[in-house]
Amino acid sequence: MNLILLYTSDFKGPHHVRISGRRFQHMRSVHKAQVGERFRVGVLNGLIGLGEVTVLTDQYLELRVQLNQAPPKPLPLRLIMALPRPKMLKRTLETVATLGVKELWLINSYRVDKSYWSTPILHADTLREHLLLGLEQAGDTRLPNVYLRKRFKPFVEDELPAIARNTRALVAHPYDATPCPAATAEPTTLAIGPEGGFIAYEVNKLREAGLEPIHLGPRILRVETAVPVLLSRLFPLAL
């Protein structure tokens, strides 16, 4: 936890917060928080700053906070992903939040097992939990927006052209594709397929929506590996 996320419900005054539950337990057991010690804090979807421990009990701690910094810049990216299997979905949600993705579309695909859509991870509270873990790791406060689309064709035909308009529109695909373009800060739409990749029909539909297939070279990567590799290749390290 590189940033202690604060919520409006934590505030007991303009510069005074009380923390309990998971965050308190982490600060006490991992950081060994003591009165007078200072920690990096940030309000969810708001500013970042420092918090000084003023009260420490067995159930909670209190901080005096000063918030004066903007969170890191988000990636100028609309990320579209075929829904991963549940175990991978957890890691992927945390990874995209850590890397600064603020718009994530989880879509269906021929190779997405129907059972994946029933996972409890897709419940709003659980999605939020994993995204928050990613923000805490990165030292970010801006919560990503996640959209679920269970039907591939209607999404690609009816929504994707507008999503991709006026962006660098790409689909990661290892075959019949051009090399990954150079890093740039321009707005980008990127689609990433499931394990096994998009089928030919789906790639053609994505092409029709304006996305250009790109590849990372001769090695075929798992989705959880492909995501950070692609984002590090497509965008400058410091935006």
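Rules used throughout
Along each chain, residues carry numbers from 1 onward, in the same order as the chain's sequence is written. Residue-level local features of this predicted model are given only where pLDDT is at least 70; pairs of side-chain atoms are given and counted only at 80 or more, and the full residue set underlies all totals for whole chains, interfaces and linings. With hydrogens and water set aside, each side-chain value is computed from the structure's full complement of heavy atoms. Secondary structure elements follow DSSP: runs of H or I of four or more residues count as helices, runs of E of two or more count as strands, with numbering from the N terminus. Expected span, for any helix, means 1.5 Å times one less than how many residues it has. The term bend refers to the angle at a residue between two fitted axes, each drawn through seven residues, those ending there and those starting there. In this description, contact between two residues means that some pair of their heavy atoms is separated by no more than 4.5 Å. Accessibility here uses a 1.4 Å probe with only protein chains present; expressed as a share of the type maximum, an area under 20% marks a residue as buried, one over 50% as exposed, and anything in between as partly exposed. A pair of strands is considered paired only if DSSP assigns at least 2 bridges between the two. Classification remark: right-handed applies to a crossover when, strands pointing away from the viewer, the course from the first strand over the helix to the second runs clockwise. Interaxial angles span 0 to 180 degrees and are taken between N-to-C directions of axes, which are lines fitted to C-alpha atoms, for helices over the stretch in contact.

1. Quick look at helix 4 (residues 152–164)
In a regular helix each residue adds 1.5 Å, so 13 residues correspond to 18 Å; helix 4 covers only 16 Å between its end C-alpha atoms and thus falls short of that length. Considering bend angle alone, the principal kink of helix 4 is centred on Asp 158 and spans about 40°; proline Pro 161 follows within four residues of it. Buried residues along helix 4 sit in contact with strand 7 (77–82), strand 8 (103–107), strand 9 (145–149), strand 10 (168–172), strand 12 (188–192) and helix 5 (200–208). Trailing helix 4 by a residue or two, Asn 166 shows a phi angle of about 65°, which is positive.

2. A few points about the pairing of strand 7
By the criterion of burial, strand 7 is predominantly enclosed, with five of the six residues buried. Across five bridges, strand 7 lies against strand 12 in parallel orientation. In the strand pairing of strand 12, Met 81 is matched with Ile 192. Pairing between strand 7 and strand 8: four bridges, direction parallel. By the bridge assignment, Leu 79 is partnered in strand 8 with Leu 104. Between the parallel elements strand 7 and strand 8, the chain passes through helix 2 (residues 86–99) in a crossover that is right-handed.

3. Quick look at the pairing of strand 3 (residues 16–19)
By the alternation rule, side chains of strand 3 split into Val 17 and Ile 19, which are all buried, and His 16 and Arg 18, of which none is buried. Relative to strand 3, strand 2 (residues 11–13) runs antiparallel, the two being bridged by two bridges. In the sheet register, Gly 13 faces strand 3, and the bridge partner there is His 16. Taking the residues that link successive antiparallel strands as the turn, the strand 2-strand 3 hairpin has two residues. Bridge analysis of strand 3 against strand 6 (residues 61–69) gives four bridges, and the strand direction is antiparallel. Considered in strand 6, the bridge of Ile 19 is made with Leu 61.

4. Regarding the sheet that holds strand 11 (residues 178–179)
If you walk across this open sheet you meet the seven strands as 9-8-7-12-10-13-11, and the pairing is parallel. Both edges of this open sheet fall to strand 9 and strand 11, since each of them pairs with a single strand only. Pairing of strand 8 with strand 9 involves five bridges; the strand directions are parallel. Looking at strand 9, one finds that Glu 103 is bridged to Asn 145. The strands that helix 4 touches are strand 7, strand 8, strand 9, strand 10 and strand 12; relative to strand 8, the one it contacts most, it runs at about 160°.

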